[in-house]
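Examining the three-dimensional arrangement
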Amino acid sequence: MKIFNSDVILGIVVIAGAAVYLWADSRLPVAAMADPLGPKAFPVLVGCGLILSGLILLAEGRKKYRTASGTTHRRRVDMRQVATLCGMLAWTVLYYATFDSVGYLIGTPIFIFGLLCHFHRGKHLVNGLIAIGFTAVAYALFSLLLHVPLPTGPIPI
């Protein structure tokens, strides 16, 4: 029995999620007066990027399995990695569930800060600055430049 490593499992999950994302995007209606390519281009690019990322993860996982298969031991799934992936999934679901009520400007830096604190422990100032900086740049790009409405939450903008 072959034991899949975490890269292969994550690659399969990413590709499946991207397929569902692209399917849902294809079912969105296009307004009669809007440019037919305009609103659909960005989600399709994101979906294709996700599929490409999943394929890269599959290739890396396959390469790791090949190099490990020449040895007498196989690499088993690390439970810390599984716990980290489950924690990231729960944190992301919480972010999405509260996105409209909390708003972009509050929820996004908290979400990013939480992830950064897990992966870069003890660097709270840098993590906070990165979370706030990314949120500000993304807000300026989408809300101010591209005029994409983002949830405001309790902050009236």
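Anyway, here's the lowdown on the structure attached to this text. (Residues numbered from 1 in each chain as written. Predicted model: local features only at pLDDT ≥ 70, side-chain atom pairs only at ≥ 80, totals over all residues. Heavy atoms only, no water.)

1. Brief notes about the overall build of the chain
Looking only at helices and strands, the chain has five helices and zero strands in total. For the chain, the sequential pattern of α-helices and β-strands runs α-α-α-α-α. Counting every position in the chain, which comprises 157 residues, the buried fraction comes to 20%. A fraction of 64% describes how many contacts in the chain between residues 6 or more apart in sequence connect residues 24 or more apart. Summed over its atoms, the accessible surface of the chain is roughly 11,300 Å², and 74% of this surface lies on carbon and sulfur atoms. (Helix = DSSP H or I, 4+ residues; strand = E, 2+ residues; numbered from the N terminus. Buried < 20%, exposed > 50% of the residue type's maximum accessible area, 1.4 Å probe, protein only. Contact = heavy atoms within 4.5 Å. Areas by Shrake-Rupley, 256 points an atom, 1.4 Å probe, with all protein chains shown as cover.)

2. As for the environment of R62
Structurally, R62 can be placed in helix α2 (residues 38-69). Separated by 55 residues in sequence, R62 and D7 place their C-alpha atoms 8.5 Å apart.

3. Quick notes on the environment of I130
By the secondary structure assignment, I130 is in helix α5 (residues 124-145). For I130, a relative accessible area of 43% gives the class partly exposed. Linking I130 and I112, residues 18 residues apart in sequence, is a C-alpha distance of 8.3 Å.

4. Concerning a nonpolar patch on the surface
On the surface, I9, L10, V13 and L85 cluster together into a nonpolar patch covering about 300 Å² of accessible area. Ranked by residue count, the leading element in the nonpolar patch is helix α1 (residues 6-26), at three residues. On the accessibility criterion, L10 (30% relative accessible area) is partly exposed. (Patch = residues over 30% accessible without salt bridge, like charges linked within 9 Å, V, L, I, M, F, W, Y side chains within 5 Å. Salt bridge = Lys/Arg side-chain N within 4 Å of Asp/Glu carboxyl O.)

5. Observations regarding the nonpolar core
With eight residues, the main nonpolar core is built from Y95, Y104, F111, I112, L116, A131, A138 and Y139. Looking at this core, the elements that each hand over two or more residues are α4 (104-119) and α5. For this core, the leading source of residues is α4, giving four residues. Those residues in contact with Y104 that lie beyond four places of it in its chain are Y95, F99, P109, T135, A138, Y139, L150 and P151. (Core = buried A, V, L, I, M, F, W, Y, C linked by side-chain atoms within 4.5 Å.)

6. So, α5
Compared with the 32 Å implied by 1.5 Å per residue over 22 residues, the 30 Å span of α5 between its first and last C-alpha is a close match. Burial in α5 covers these residues: N127, G128, A131, T135, A138, Y139 and S143. Contact partners of the buried residues in α5: α4. Residue H147 follows α5 closely and has a positive phi angle near 60 degrees. (Expected span 1.5 Å × (residues − 1).)

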